[in-house]
Amino acid sequence: MDQLKQSFAAAAKYGFWIGTGTITLGALVIWFMVTGALVEENNSRTSKIKSDVSAVKSLQMELREHPNQISKAAMDLLVEGRQAEVLQVWQEVYDAQRDILVWPEEELTTEFVDEFRDLMPIETHIAHPPEDGQEIPSSYRNLYAYYIKDVLPSIAEIAKAEWEAEFRSAGAGGMDAMMGGMDSMMGGMDGMGGYGGMGRGPINIAGVEDVPLVDWPVSSQSAIITELFPWQGRTPSTLEVYYSQENLWILRQLLAIVADVNGEAQQPFEAKIHVINHLSLGKKVKFTAGSIQKPGVAMTGGMGMGMDMGMDMGMGDDMYGGMDSGDLYGGMDSGMGTMSEAPDPVDNRYVDTAYEPIDGATLRSALESESPEDAPLKVAKRVPVMMSLQIDQRYIPDLLAACGSAPLMVEVKQVRILPKSAGSSAVGAMGGGMGGGMDSMMGGGMDMDMGMGMDGGMGMGGMGMGMMGGGASQGPKEKFPLDVTVEVYGLIHIYNPPDEDKLGVEQVTEDTVLDGETMAQSAEEDLKEGSNGAGAGAGTQPAVDTPDSALPPPAADPDATTPAEDATTPDANEASPQPAGEASVPGGSAGTTG
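The rules we used
- Residues numbered from 1 in each chain as written.
- Predicted model: local features only at pLDDT ≥ 70, side-chain atom pairs only at ≥ 80, totals over all residues.
- Heavy atoms only, no water.
- Helix = DSSP H or I, 4+ residues; strand = E, 2+ residues; numbered from the N terminus.
- Contact = heavy atoms within 4.5 Å.
- Areas by Shrake-Rupley, 256 points an atom, 1.4 Å probe, with all protein chains shown as cover.
- pLDDT = per-residue confidence, 0-100.
- Patch = residues over 30% accessible without salt bridge, like charges linked within 9 Å, V, L, I, M, F, W, Y side chains within 5 Å.
- Salt bridge = Lys/Arg side-chain N within 4 Å of Asp/Glu carboxyl O.
- Buried < 20%, exposed > 50% of the residue type's maximum accessible area, 1.4 Å probe, protein only.
- UniProt positions renumbered as here; feature names shortened; annotations may be inferred.
- Axes fitted to C-alpha atoms, helices over the stretch in contact; angles between N-to-C directions.
- Parallel < 35°, antiparallel > 145°, perpendicular 65-115°, else oblique.
- Nonpolar A, V, L, I, M, F, W, Y, C, P; charged D, E, K, R; others polar.
- Left-handed = near helix turned anticlockwise from the far one by under 90°.
- 1 Å grid on protein atoms, 1.4 Å probe; cavity = no way out; pocket = protein on both sides within 12 Å on 5 of 7 lines; lining within 4 Å.
- Points joined across faces, edges and corners; volume = space filled by probe spheres on them.
- Phe/Tyr/Trp six-rings, centres within 6.5 Å; stacked < 30°, edge-to-face > 60°.
- Arc of directions from axis to C-beta.
- Lys, Arg positive; Asp, Glu negative; His and termini not counted.
- Charge placed at Lys NZ, Arg CZ, Asp CG, Glu CD.
- Pairing = 2+ DSSP bridges.
- Core = buried A, V, L, I, M, F, W, Y, C linked by side-chain atoms within 4.5 Å.
- Polar contact = N/O pair within 3.5 Å; in protein donor to acceptor, adjacent residues only side chain to side chain.

**What to know about the overall build of the protein chain**
Alright, step 1. When helices and strands are tallied, the protein chain shows 18 helices and 10 strands.
Alright, step 2. Long-range contacts, defined here as pairs at least 24 residues apart, represent 79% of the contacts in the protein chain between residues at least 6 apart.
Alright, step 3. Carbon and sulfur atoms make up 57% of the accessible area of the protein chain, which amounts to about 32000 Å² in all.

Take a look at the structure:
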């Protein structure tokens with residue numbers, strides 16, 4: 001018993017250490033037992049997951065379509081729903097445009113309009129050259145020629161401008177043709193003596209200038225006639241009648257944009273747009289990138305445009321119009337017999353998705369094709385348009401907004417901002433090439449000199465009939481010192497009747513090319529954009545692209561000084577035009593005005 005007491009006494013003395021060791025050993029045994037089972041289970045499940053992933057990857061390589069019929073059926077429903085939405089929108093924009101593209105039944109009679117009522121797209125109904133029975137009666141075509149002559153003044157009134165140019169109807173010639181040429185020869189003076197510069201118009205009994213709200217030089221109007229109606233002076237063909245009417249619809253819309261920007265203005269000093277330098281559409285509009293120069297550097301943009309417009313329009317593919325050669329293929333309608341085949345009126349009138357002109361044969365082939373790669377041309381024909389306007393630079397944003405809000409919307413692609421004199425230079429140069437016949441030769445030299453004078457510092461843009469060299473003479477201030485010349489380049493879509501069967505949706509594969517890239521490339525880019533968007537949403541601030549971000553930032557000029565504010569400086573809080581460096585410019589150089 002005493003030995004047992006001694007043992008208990010020793011245990012009591014070292015009990016803490018004995019207990020600690022026992023508990024530690026027990027915990028280690030339990031930990032090894034538990035973790036061993038967990039590691040075994042983890043390895044087992046990891047191996048199973050890797051095996052399943054490998055099986056899925058091998059299945060994806062063997063099968064191009066997902067084997068799950070339920071998910072495939074659901075995806076097919078989504079695709080069909082999206083196709084239905086696209087067709088519905090296509091139908092809606094086509095129906096809305098039909099209410100805009102209306103033939104003047106009252107002026108041209110119901111019988112005439114019936115000839116064109118259901119011919120959209122007309123390229124699928126009338127071939128070139130026309131087949132037997134496709135030409136409408138010549139009496140209808142002559143009626144339309146007289147209609148054009150009568151309707152142009154009323155179209156100019158949309159922008160509260162005045163129409164002064166002479167349109168030669170079928171059979172006109174002799175003195176009428178010569179007078180039309182004289183209009184173009186003298187047109188170069190319009191850009192210098194209009195009320196947009198220093199001159200003043202007549203004053204009425206109320207002491208207010210009795211001039212149109214918007215100045216539209218006669219040389220610019222003559223250019224419109226030559227460009228949009230190259231058949232003037234002879235009987236147009238059926239295709240020319242249709243495209244001429246399409247030109248009128250677009251011309252109305254461009255002038256309506258001018259009217260919308262000017263709003264309720266009644267006098268020129270209230271207007272925002274003061275001069276229509278030039279309007280153009282179709283083959284004459286080029287989407288060509290140009291260069292940008294620092295403000296104050298001598299620019300050739302205005303002269304370049306004027307030369308191109310004057311020389312190209314006077315001597316290029318419009319040679320079939322005008323007095324000298326307009327009747328080369330007039331046949332019996334012009335009384336001269338056929339000497340050469342007329343060009344297809346639709347050649348280079350429209351552009352593709354890359355803004356490249358397309359000829360009539362390509363367009364007709366695309367409209368008849370069932371290939372999905374021709375779908376963009378089957379949906380709509382894209383008409384390039386250009387407006388060159390003299391506008392108060394503070395209201396350039398209003399002009400661009402009006403283009404996007406127009407019923408016949410102008411999809412703006414490029415904007416070019418030039419000094420005000422550039423618009424006068426272009427108008428002057430047009431006077432040398434728009435009249436046709438001998439005036440295209442006589443006016444050219446004179447107007448080229450005027451264009452050079454404007455770019456070389458002769459100061460003719462706002463000096464009326466006087467010429468100022470290097471500021472030697474003094475005169476009254478300009479009426480509109482904040483005005484600049486703005487050229488807007490864009491597209492107007494003429495939608496074709498919806499036809500799902502012509503789109504070739506069933507033929508679309510990953511190798512189908514649309515808008516210059518395959519469907520697989522397009523899908524890959526969409527996935528990348530989606531991934532980038534998700535990453536940005538998780539907390540990454542997305543980079544903001546700036547216009548012309550590829551260009552280096554302008555270097556600081558240590559000699560630059562801040563110009564003193566005066567009465568002609570716009571308020572900093574008011575809308576200001578975008579810098580020239582933020583706009584793509586077609587040909588020549590662009591810069592801001594000082």
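**Some details on the confidence of the model for the protein chain**
Alright, step 1. Model confidence for the protein chain is summarised by a mean pLDDT of 72, while 63% of its residues fall at 70 or above.
Alright, step 2. The low-confidence segment residues 171-199 (pLDDT under 50) makes 71 contacts with residues lying over four places distant or belonging to another chain.
Alright, step 3. Across residues 432-473, confidence stays below pLDDT 50; counting only partners more than four residues off in sequence or on other chains, it has 79 contacts.

**Examining the environment of Pro498**
Alright, step 1. With respect to the helices and strands, Pro498 occurs in the loop between strand E7 (483-495) and strand E8 (513-514).
Alright, step 2. A C-alpha to C-alpha distance of 9.9 Å links Pro498 and Asp95, two positions 403 residues apart in sequence.
Alright, step 3. Once residues within four sequence positions are removed from consideration, Pro498 is found in contact with Trp90, Gln91 and Tyr94.

**Describing a nonpolar patch on the surface**
Alright, step 1. A cluster of nonpolar side chains, Val29, Ile30, Met33, Val34 and Leu38, forms an exposed patch at the surface whose accessible area comes to about 500 Å².
Alright, step 2. Turning to its location among the elements, Met33 is positioned in helix H2 (residues 15-62).
Alright, step 3. Here Met33 falls in the exposed class, since its relative accessible area comes to 60%.

**Structural notes on the UniProt feature "transmembrane region" (unreviewed entry) in the protein chain**
Alright, step 1. Within the UniProt annotation, "transmembrane region" (unreviewed entry) is assigned to residues 14-39.
Alright, step 2. With 96% helix and 0% strand, the stretch residues 14-39 has end C-alpha atoms that lie 38 Å from each other.

**Some remarks on the packing of helix H6 (residues 138-156) against helix H10 (residues 238-262)**
Alright, step 1. Where H6 contacts H10, the axes come no closer than 11 Å and their chain directions differ by 10°. By the angle between their axes, H6 is roughly parallel relative to H10. In this structure, H6 contributes Arg141, Tyr144, Tyr147, Ile148, Val151, Leu152, Ile155 and Ala156 to the contact, and H10 contributes Thr238, Val241, Ser244, Gln245, Leu248, Leu251, Arg252 and Leu255.
Alright, step 2. Counted by class, the contact of H6 with H10 contains 11 nonpolar, 3 polar and 2 charged residues.

**A closer look at the packing of H10 against helix H15 (residues 396-405)**
Alright, step 1. Running from N to C, H10 and H15 cross one another at 130°; their axes reach a closest spacing of 9 Å. When the interaxial angle is binned, H10 and H15 end up oblique. Crossing of H10 against H15: the hand is right-handed. Residue-level inspection shows Ile257, Asp260 and Val261 of H10 in contact with H15, the latter providing Asp398, Leu399, Ala402 and Cys403.
Alright, step 2. Per-class residue counts for the contact of H10 with H15 are 5 nonpolar, no polar and 2 charged.

**Thoughts on the layout of surface pockets**
Alright, step 1. Approximately 1200 Å³ is the volume found for the second largest pocket.
Alright, step 2. Along its surface, the second largest pocket is lined by 31 residues, and Val79, Gln83, Val505, Val508 and Met519 are the ones closest to its centre.
Alright, step 3. At the level of elements, helix H3 (69-98), helix H14 (375-379), strand E9 (517-518) and helix H18 (519-537) are the ones that each hand at least two residues to the lining of the second largest pocket.
Alright, step 4. It is H3 that provides the largest number of residues to the lining of the second largest pocket, a total of 11 residues.

**Regarding the packing of aromatic side chains**
Alright, step 1. Tallied over the entire structure, the rule returns 15 aromatic pairs.
Alright, step 2. The interplanar angle of 75° and the centroid separation of 6.2 Å between the aromatic rings of Phe229 and Trp231 together place this pair among those described as edge-to-face.
Alright, step 3. Relative accessible area serves as the criterion here: at 1%, Trp231 is assigned to the buried category.
Alright, step 4. Ring centres of Tyr242 and Tyr243 lie 5.6 Å apart, and the angle between their planes is 75°; this geometry places the pair in the edge-to-face category.
Alright, step 5. According to the relative accessible area criterion, Tyr242 is buried, its value standing at 1%.
Alright, step 6. Ring pairs connect the aromatic residues Trp103, Phe112, Phe116, Tyr140, Tyr144, Tyr147, Tyr242, Tyr243 and Trp249, which therefore count as one cluster.

**What about H15?**
Three or four residues apart is the spacing at which side chains of an α-helix point the same way, because the helix has 3.6 residues per turn.
Alright, step 1. Restricting attention to buried positions, one finds in H15 the residues Ile396, Leu399, Ala402 and Cys403. An end-on view of H15 places all buried positions within 120° of arc, on one side of the element.
Alright, step 2. Lining the buried residues of H15 we find H10, strand E1 (273-281), strand E5 (380-392), strand E6 (411-418) and E7.

**Observations concerning a negative patch on the surface**
Alright, step 1. A cluster of like negative charges, contributed by Glu370, Asp499, Glu500, Asp501 and Glu506, occupies part of the molecular surface.
Alright, step 2. Within the secondary structure, Asp501 is located in the loop between E7 and E8.

**Examining the pairing of E5**
Alright, step 1. Of all 13 residues that make up E5, 13 are buried, and the element is covered over most of its length.
Alright, step 2. On E5, burial covers both faces: Ala380, Arg382, Pro384, Met386, Ser388, Gln390 and Asp392 on one face and Lys381, Val383, Val385, Met387, Leu389 and Ile391 on the other are all buried.
Alright, step 3. Where E1 and E5 come together, 7 bridges link them in antiparallel fashion. For Leu279, the partnering residue across the bridge sits in E5 and is Met387.

**Describing the nonpolar core**
Alright, step 1. Within the largest apolar cluster, 79 residues are counted, with the highest numbers of intra-cluster contacts made by Trp103, Phe112, Tyr144, Trp216 and Leu399.
Alright, step 2. The dominant element in this core, judged by the number of residues it contributes, is H10, at 13 residues.
Alright, step 3. Aside from chain neighbours lying at most four places away, what touches Trp103 is Leu108, Phe112, Val113, Phe116, Tyr144, Val241, Tyr242, Gln245 and Trp249.
Alright, step 4. The next biggest cluster of nonpolar side chains, apart from the first, holds 6 residues, and it includes Phe287, Met386, Tyr489 and Leu491.

**Looking at the pattern of salt bridges**
Pairs can form between side chains of opposite charge once their charged atoms are near each other.
Alright, step 1. Scanning all chains against the criterion turns up 14 salt bridges.
Alright, step 2. Put simply, Asp392 and Arg394 hold a salt bridge, and the shortest N to O gap is 2.7 Å.
Alright, step 3. Here Lys413 and Glu411 are joined by a salt bridge, their closest N and O atoms 2.8 Å apart.
Alright, step 4. For Lys413, a relative accessible area of 31% puts it in the partly exposed group.

**Some words on the side chain of Asn496**
Alright, step 1. Mapped onto the fold, Asn496 is located in the loop between E7 and E8.
Alright, step 2. Separated by 3.2 Å, the side chain of Asn496 and the backbone oxygen of Leu377 make a polar contact.
Alright, step 3. Polar contacts involving the side chain of Asn496 include one to the main-chain carbonyl oxygen of Lys378, which spans 3.0 Å.

**Brief notes about unusual backbone geometry**
Alright, step 1. Backbone torsion omega between Met120 and Pro121 reads -10°, so that peptide bond is classified as cis.
Alright, step 2. By secondary structure assignment, the location of Pro121 is in the loop between helix H5 (110-114) and H6.
Alright, step 3. Cis geometry is adopted by the peptide bond preceding Pro129, which originates at His128 and carries an omega value of -5°.
Alright, step 4. With respect to the element layout, Pro129 can be found in the loop between H5 and H6.
Alright, step 5. Positive phi outside glycine occurs at Tyr355, with the angle close to 65°.
Alright, step 6. Tracing the sequence through the fold places Tyr355 in the loop between strand E3 (350-351) and strand E4 (357-358).

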